[in-house]
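The lines below spell out each chain.
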Amino acid sequence: MADISRVLFLRHLRGTPTAYIRHQRGTAVAHEGVGLVFWYRPRTAVISEVPVDDRELPVVFHARTADFADVAVQSTVTFRIADPALAASRLDFGIDPELGSWREDPLARLAEMITETAQQYAADQLVRMPLTDALVDGVAAVRQRVGQGLGGDARLAQTGIALVGVRVVAIRPVPEVEKALGTPTREKIQTEADRATYSRRALAVEQERRIGENELQSKIELARRGEQLVVQEGANEQRRMTEQAAAARISATAQAERAETAARAEAERVRLEAAARADAVRLVGAAEADAEAARVGALAGMDTATLVALAVRDLADHLPDIGALTITPDVLTEAFARFVRPGLTAAVPAGGER
């Protein structure tokens, strides 16, 4: 809308780039154009404001098809006022010179005219089509028919209206018919869904069967390997026992050989020790015999007194310690007879003579 400001008894109007302004004083046109700025007196001014921008008009209406089915058409019509001077002469676009607002609602009347015209052309197209064709091909057919009709409509041209474009969003039947029409599709989709579900279940069962077979094969393979493991362990244990027995036999043989060798060595040692002792005894005996022979030989040339002295010496060596000793002839004779060796006795003749 135009921007109007007040200064004393004058008014100042400032238009917009998308609004056509026509200022009349009486029958004369004082200002006319887009984007005007001017002063005026409200008492003598007649001002019209016509929008010249593109405007979109939602159009929703009902129509019948060739088989008497009710359908709803949802569309949008884009238009603009190509000849604002002509539109201002055919519709009341006058604004209040004090407030700048429209006295009436010209755009509502214009929208009603365009809606009725578009509905007329769309209904004329749908009445020749059955419901199924209208739902399948009706959007393009209705858009083309409405566009051609509005573009060549004489009334809109005489009002200065130019068509920019037509968009048909949807053509839909009543909910009951739409539900009935969608039933086969839904059933088909449901059938496909059920088939997919059954196929998925069958595939799942097949997969479970394969998994079960794989598990069974795995168990059989594990059992076979377990059996092989037991057999191998038995063979290993048998081999280990055989090796242990052989090792024990070898150890026993070695111990026996060592014991036999030790026994032989011990016997040889004992034999050698015995031989050594025998040799020692023999040598000692021989030495004692030689010593005794030498002694006898030495005593053989001695006199009786010497022999008695020696006998007394030997006797003294074998007697214990005594405090006092009384020697009588009988004692002396008996002692002499006991300690004198047989050889010496044999060497001394009876009666004490040699």
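What counts and how
Residues numbered from 1 in each chain as written. Predicted model: local features only at pLDDT ≥ 70, side-chain atom pairs only at ≥ 80, totals over all residues. Heavy atoms only, no water. Helix = DSSP H or I, 4+ residues; strand = E, 2+ residues; numbered from the N terminus. Buried < 20%, exposed > 50% of the residue type's maximum accessible area, 1.4 Å probe, protein only. Contact = heavy atoms within 4.5 Å. Areas by Shrake-Rupley, 256 points an atom, 1.4 Å probe, with all protein chains shown as cover. Pairing = 2+ DSSP bridges. Axes fitted to C-alpha atoms, helices over the stretch in contact; angles between N-to-C directions. Core = buried A, V, L, I, M, F, W, Y, C linked by side-chain atoms within 4.5 Å. Lys, Arg positive; Asp, Glu negative; His and termini not counted. Salt bridge = Lys/Arg side-chain N within 4 Å of Asp/Glu carboxyl O. Bend = angle between axes of the 7 residues up to and from the residue. pLDDT = per-residue confidence, 0-100.

Concerning the overall build of the protein
When its secondary structure is counted, the protein shows eight helices and 10 strands. Buried residues in the protein amount to 25% of all 354 residues. Residue pairs at least 24 apart in sequence account for 64% of intrachain contacts in the protein once pairs closer than 6 positions are excluded. About 23700 Å² of surface is accessible on the protein, with carbon and sulfur atoms providing 57% of the total.

Let's talk about the pairing of strand S4 (residues 28-34)
Looking at chain direction, strand S3 (residues 19-25) and S4 are connected through six bridges and run antiparallel. Among the inter-strand pairings, tyrosine 20 is bridged to a residue of S4, identified as valine 34. In this antiparallel pair of consecutive strands, S3 and S4, the connection spans two residues, and glycine 26 shows a positive phi of 75 degrees.

Digging into the sheet that holds strand S5 (residues 37-40)
Spatially, three strands are ordered S1-S2-S5 in an open sheet, and the strand pairing comes out antiparallel. Whereas interior strands pair on both sides, the edge strands pair on one side only; in this sheet they are strand S1 (3-7) and S5. Shown here is a sheet whose adjacent strand axes are inclined to one another by a mean of 20 degrees, direction ignored. With five bridges connecting them, S1 and strand S2 (residues 10-14) associate as antiparallel partners. From the neighbouring strand, valine 7 faces S2, where its bridge partner is leucine 10.

A few points about the nonpolar core
Core analysis: the biggest nonpolar cluster contains 36 residues, and Leu110, Ile114, Leu126, Val142 and Val146 have the highest contact counts within it. Listed by contribution, the elements that provide at least two residues to this core are strand S7 (55-64), strand S8 (70-81), helix H1 (84-90), helix H2 (106-126), helix H3 (131-151) and strand S10 (161-173). If one sorts the elements of this core by residue count, H2 sits on top with nine residues. Not counting residues within four places of it along the chain, the set of residues in contact with valine 146 comprises Ala118, Tyr121, Ala122 and Val166. Grouped together as the second largest cluster of nonpolar side chains are 10 residues, Ile21, Leu36, Phe38 and Ile95 included.

A short note on the side chain of aspartate 96
Structurally, aspartate 96 can be placed in the loop between strand S9 (94-95) and H2. Although buried, aspartate 96 forms no salt bridge, and the nearest oppositely charged side chain, arginine 103, lies 4.3 Å from it. In contact with aspartate 96, not counting residues within four places along its chain, are Ile4, Ser101 and Arg103.

Overview of H3
Remark: the principal bend of H3, roughly 75 degrees, maps to aspartate 137. All of the buried residues in H3 are Leu131, Ala134, Gly138, Val142, Val146, Gly149 and Leu150.

Section: the sheet that holds S4
Read from one edge to the other, the open sheet built from four strands follows the order S4-S3-S6-S9, with strand pairing classed as antiparallel. Each having just a single partner strand, S4 and S9 make up the two edges of the open sheet. Both S3 and strand S6 (residues 46-51) contribute to a ladder of six bridges, which runs antiparallel. By the bridge assignment for S6, alanine 19 is matched with proline 51.

A short note on the confidence of the model for the protein
Averaged over every residue, the pLDDT of the protein is 82; residues scoring 70 or more account for 87%. The lowest-confidence element of the protein is helix H8 (residues 342-347), averaging 47 in pLDDT; the highest-confidence one is S8, averaging 91. Low confidence marks residues 343-354, where pLDDT is under 50. Its contacts with residues over four positions away, or in another chain, come to 10 contacts.

Describing the pattern of salt bridges
Taken as a whole and judged by the stated rule, the model has 18 salt bridges. Between glutamate 268 and arginine 271 there is a salt bridge, and its shortest N-O distance comes to 2.1 Å. Here glutamate 268 pairs with arginine 271, and both are found in helix H5 (residues 175-300), just three residues apart, close to one helical turn. Relative accessible area serves as the criterion here: at 45%, arginine 271 is assigned to the partly exposed category. Across the salt bridge formed by glutamate 273 and arginine 269, the nearest N and O atoms sit 2.4 Å from each other.

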